[in-house]
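Structural characterization, general
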Amino acid sequence: MNRAPQFPRLPGFNFDQNIGRTKFNKSQLFDRVHGNVYYLAEKPNASGDSRYPALYAWGEKPPGPTWLAFDGQRLMFKAYFQESLASGREPYRVRLVDISFFLEDGTMKVSEPSIENCGLEQGVLVRRQRIPLPDPVKYRYFDILDLNIGAEPQLFGRAYKIYDCDQFTRRFLNRMGIPVPDPISPPADVLRERKHHASTEKSHQKRADKLGKFLKYDRKVLRFYGFWDDSESPHGYVHELEILYYLADDTLEILESQPARHGASTRSLLVKRMKIPKFFANLEPVGSGDPYTLLNVMGDNMRRGYYIPDNSYRSRTASDYYKECDLAIGAQMDVFGRRVIIADLDEFTKDFYRKKYGLDAFTPIPKPGKRNDEGELCYGRYIPPYNGYGSYEDSLGYCFSVVPKKPKLLTDKFYRYENQVNDSRVLRFGCKMIDDRPENQERCFVINVYLFDKTIAIAEVTYKKPGHTKSLFQKKMRVRLPGEEIFTSSEPKYYEPADFYVGACVNLSCFKFYIESADEYTFKYMEQHCDEFPKADIKTILSKVREKLRCAYRQFTSEYPPVKVDDDADDDADDEPPTLSLYSLRKAMREYVGECISEHEIMTIARHYSLQESRQPYPRDHIRALVHTELTRLVWNDLDRLEEDICAWDRDKTGYLGRDQLYTLLRANRIPLQRELIRLMLDYVEKNSEGKIKWRDLINFLDIKVDPLPPVVPMNLKEVYWTIEEKPRDCSKIDYCAFLKDLGLESEVKDLVSQMDDK
């Protein structure tokens, strides 16, 4: 039976036929209704005349009509025909076509594949239709048996030669029992060969695809260290080179390491980034490295211009350039006539050669040339002698470049000396000229020493005398040391700031000066920076005096006893310790120490042990009130941040920092105070014996919450501060007991104290 009998429509016997169904479209079935006429039906006919009789098994059906069974299927054959030509260049032309045989109705179609820029009408040559066989056969059309490889069908008077077919056609004919021969080669066509040759020439002119190599090796550079020995040429030396090989485009760049002159060593470009040829004969013309050359055929207008590729250079041979396989330790490169030898590699380059080429030996080659104690290469560059024009640095710049550059400014020295608006950083010394002429002996001068560039300027202090005019004796310049040869290649030696002190004799530009005095700022600056000025280092001076007085200490104390101040002179005189006058101290030092101690060192001892208190025209509370007024007015509340920075600088946890360090920290934390007020505040803060400031006292000084003070009226601090600085410290009274105690001769000090008690 065709279908299962349905159950009666009773409860429990109904089943949903759509369960598990995924397609709900109406099936299209063809059924025979009237004789051999087929119609589209929704369901098959179950009658005896149905196209699905019961004698077939379930799922089998008889074959349908050919037009339905072979719908959309066709056989494809490749053929050619020869077309005669009247021109003398070629006798005939071979044209390739495709012959299609449609299985559903036995029709055929002949089409020619289109070729670009062929000049022929191509496309469909014979439209789809049933093609009759040529005479003398009548009333018969081309069928499957007439088409096969090697057959020569004649379609409408044109003979075709079938030489190949597709895989479906070969399989279909074999299943029908028709053997299919092997494909044959079509004859060569002169026009096709010419087109193929032209396309091959154009393909050589296309650019190579470098994107893959670029993406793989981008930013990967091989670094080689080499040298170029140019010592045989006049004024030549061994050049240290750094060779960079870029893997992305196989280019090389060579840098030269210049010797260190005024700081760190620099590198200059010797060969820019390019492909370096192995054998250099001459320069290649412009555009020779471009594989694709264009010729402007028509017009200068860019919109209407016409360009074609130039094939005239297709047979040229490319130059042989250096590759990464040519570079190794000990390899010699010919870089445009220079013999460069590779001596060492970096770690990345060693890993690259170890992975790609399997190399393990990377022993560096020693570089030739003289070396110093540190192992650095000594350069034998010849510098011509100084000719006397301009400064030595300016003349030296012309030896290395046609257009010399301005000498570089040392940034650290600039911010240390020159960029201090609150501090001039100029040492001033009063001196007199040493000369045989009496009129010059009475002249007074002031020597200004600028710490930033170590230049010296001399000004004369003139008086209202006939013949004397106010003028600058020497402009600001660096002065050579006496005895220095001028016209020489070596760098001359100049006067340093440490060469100027009280009691020194200096020879400045063939004029001799004796330094008699210095201002208060000079003494103070030299004492604060005693590591740069040994004449102001109290520890060094005391050690020198201690060595000289060790054997004659008793005689020294007995000959120069301390002086006790009279009680009638002052009510508080009993509280003052025994003193020694500056005259007695100078006389004692000259007698027992001799020429080993200078006048500046004596003044340093007198200033260090002076009984005069620091000049403070205003009390501490008044200066603190000024500071609190400014901090409150400008709303500054970063005291915690300042304390944190100070603790970071005090790594040893001593509780003391230098004056310059604290000044830098205050300025870095943007404290809203004038520079003069900051300097005045640092003078009022507690200090130790070494002159360092107790930073905890500074924090309490700035804290407006601890012992707040009422606001005060601001004042002109510049005038007050510079007035204080201009006044020299009074060193007439010296604390003699403190001086003897610091000498470290304890037994002599005890004897002196017992003698004082007996008196």
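These numbers were taken from a predicted model, which means no experiment stands behind them.

Right, let's talk about the packing of helix α15 (residues 639-649) against helix α18 (residues 695-702) for a bit. Taken N-terminus to C-terminus, the directions of α15 and α18 make an angle of 175°; their axes are 11 Å apart at the nearest point. Taken together, the axis directions place α15 and α18 in an arrangement best described as roughly antiparallel. Facing α15, whose interface residues are Leu 639, Leu 642, Glu 643, Ile 646 and Cys 647, α18 presents Trp 695, Arg 696, Ile 699 and Leu 702. Along the lines of polarity and charge, the residues of the contact of α15 with α18 split into seven nonpolar, no polar and two charged.

A few words now on a nonpolar patch on the surface. On the surface, Leu 211, Phe 214 and Leu 215 cluster together to form a nonpolar patch covering roughly 320 Å² of accessible area. Tracing the chain through its elements places Leu 211 in helix α4 (residues 211-217).

Moving on, we get to the nonpolar core. Core analysis: the largest hydrophobic core is formed by 55 residues, its most contacted members being Ile 447, Phe 500, Leu 508, Val 545, Phe 556 and Phe 739. Here Phe 500 is in contact with Phe 429, Ile 447, Val 449, Ile 456, Tyr 495, Val 506, Leu 508, Ile 515 and Met 526, once residues within four sequence places are set aside. Counting 28 residues, the second largest nonpolar core, distinct from the first, contains Leu 626, Tyr 663, Leu 677 and Ile 699.

Our focus in this paragraph is helix α12 (residues 582-592). Of the positions making up α12, those classed as buried are Leu 582, Ser 584, Leu 585, Ala 588, Met 589 and Tyr 592. Down the axis of α12, the buried set is contained in an arc of 160°. They therefore lie on one face. Buried residues along α12 sit against α10 (538-549), α11 (553-559), β24 (579-581), α13 (599-608), β27 (733-735) and α20 (736-743). Once α12 finishes, Gly 594 follows within two positions and takes phi at roughly 80°, a positive value.

This paragraph deals with the side chain of Ser 100. Secondary-structure assignment places Ser 100 in strand β4 (residues 92-102). Contact partners of Ser 100, with chain neighbours within four places excluded, come to Arg 74, Leu 75, Met 76, Thr 107, Met 108 and Lys 109.

Only one face of strand β16 (residues 332-335) is buried, namely the one carrying Met 333 and Val 335, since none of Gln 332 and Asp 334 on the opposite face is buried. When β16 meets strand β17 (residues 338-345), the two strands line up antiparallel, connected through four bridges. In the sheet register, Asp 334 faces β17, and the bridge partner there is Arg 339. Two successive antiparallel strands, β16 and β17, enclose a turn made up of two residues, where Phe 336 displays a positive phi of approximately 55°.

Taken together, the six strands give an open sheet; going across it, the order is β21-β20-β19-β18-β23-β22, and neighbouring strands pair in antiparallel fashion. Sheet topology places β21 (472-477) and β22 (505-508) at the edges, where each strand pairs with a single neighbour. For this sheet, the mean inter-axis angle between neighbouring strands, taken without regard to orientation, is 35°. In the sheet, strand β18 (residues 426-433) pairs with strand β23 (residues 511-518) via five bridges, with the strands oriented antiparallel. Within β23, the position partnered with Lys 432 by the bridge is Tyr 514. Strands β18 and β23 of the sheet are contacted by helix α9 (residues 520-528), whose axis makes an angle of about 120° with β18.

On the basis of which strands lie adjacent, the open sheet formed by five strands has the order β6-β5-β4-β3-β9 and antiparallel pairing. For this open sheet the edge positions go to β6 (123-129) and β9 (161-165), each flanked by a neighbour on one side alone. Averaged over neighbouring strand pairs, the angle between their axes works out to 25° when direction is ignored. Across four bridges, the pairing between strand β5 (residues 108-112) and β6 is antiparallel. Counterpart to Ser 111 in the pairing with β6 is Val 124. In the packing of helix α2 (residues 167-175) onto the sheet, the strands contacted are β3 (74-84) and β9, and the crossing angle to β3 comes to about 115°.

About the thresholds
- Along each chain, numbering runs from 1 in the same order as the chain's sequence is written.
- For this predicted model, a pLDDT threshold of at least 70 governs which residues receive local features, and a threshold of 80 or more governs which side-chain atom pairs are given and counted, while totals over whole chains, interfaces and linings are taken from all residues.
- Hydrogens and waters are ignored; side-chain quantities use all the structure's heavy atoms.
- All axes here are fitted lines through C-alpha atoms, helices being fitted over the stretch that makes contact, and every angle between N-to-C directions spans 0 to 180 degrees.
- Numbering goes from the N terminus for both helices and strands, where a helix is a DSSP run of H or I of at least four residues and a strand is a run of E of at least two.
- Throughout this description, any angle smaller than 35 degrees is read as roughly parallel, any larger than 145 degrees as roughly antiparallel, any in the 65 to 115 degree range as roughly perpendicular, and the remainder as oblique.
- Any pair of residues with heavy atoms lying within 4.5 Å of one another is described as a contacting pair.
- In the scheme used here, Gly and all other residues not listed as nonpolar or charged are polar, with Ala, Val, Leu, Ile, Met, Phe, Trp, Tyr, Cys and Pro taken as nonpolar and Asp, Glu, Lys and Arg as charged.
- Patch membership is restricted to residues that have no salt bridge and whose relative accessible area is over 30%. Joining uses 9 Å for like charges and 5 Å for the nonpolar side chains Val, Leu, Ile, Met, Phe, Trp and Tyr.
- Per-residue and other accessible areas were derived by the Shrake-Rupley procedure at a 1.4 Å probe size, with only the shown protein chains allowed to occlude residues.
- Salt bridges are defined by distance alone: a side-chain nitrogen of Lys or Arg within 4 Å of a carboxyl oxygen of Asp or Glu.
- To qualify as a nonpolar core, a set must consist of buried Ala, Val, Leu, Ile, Met, Phe, Trp, Tyr and Cys residues joined through side-chain atoms within 4.5 Å.
- For every residue, the accessible area obtained with a 1.4 Å probe (protein chains only) is divided by the maximum for its type, and the residue is called buried under 20%, exposed over 50%, and partly exposed between those limits.
- Throughout, the arc means the angular range of directions from the helix axis out to the C-beta atoms.
- Whether two strands pair depends on DSSP finding at least two bridges between them.

Any link to function would need more than the numbers given here.
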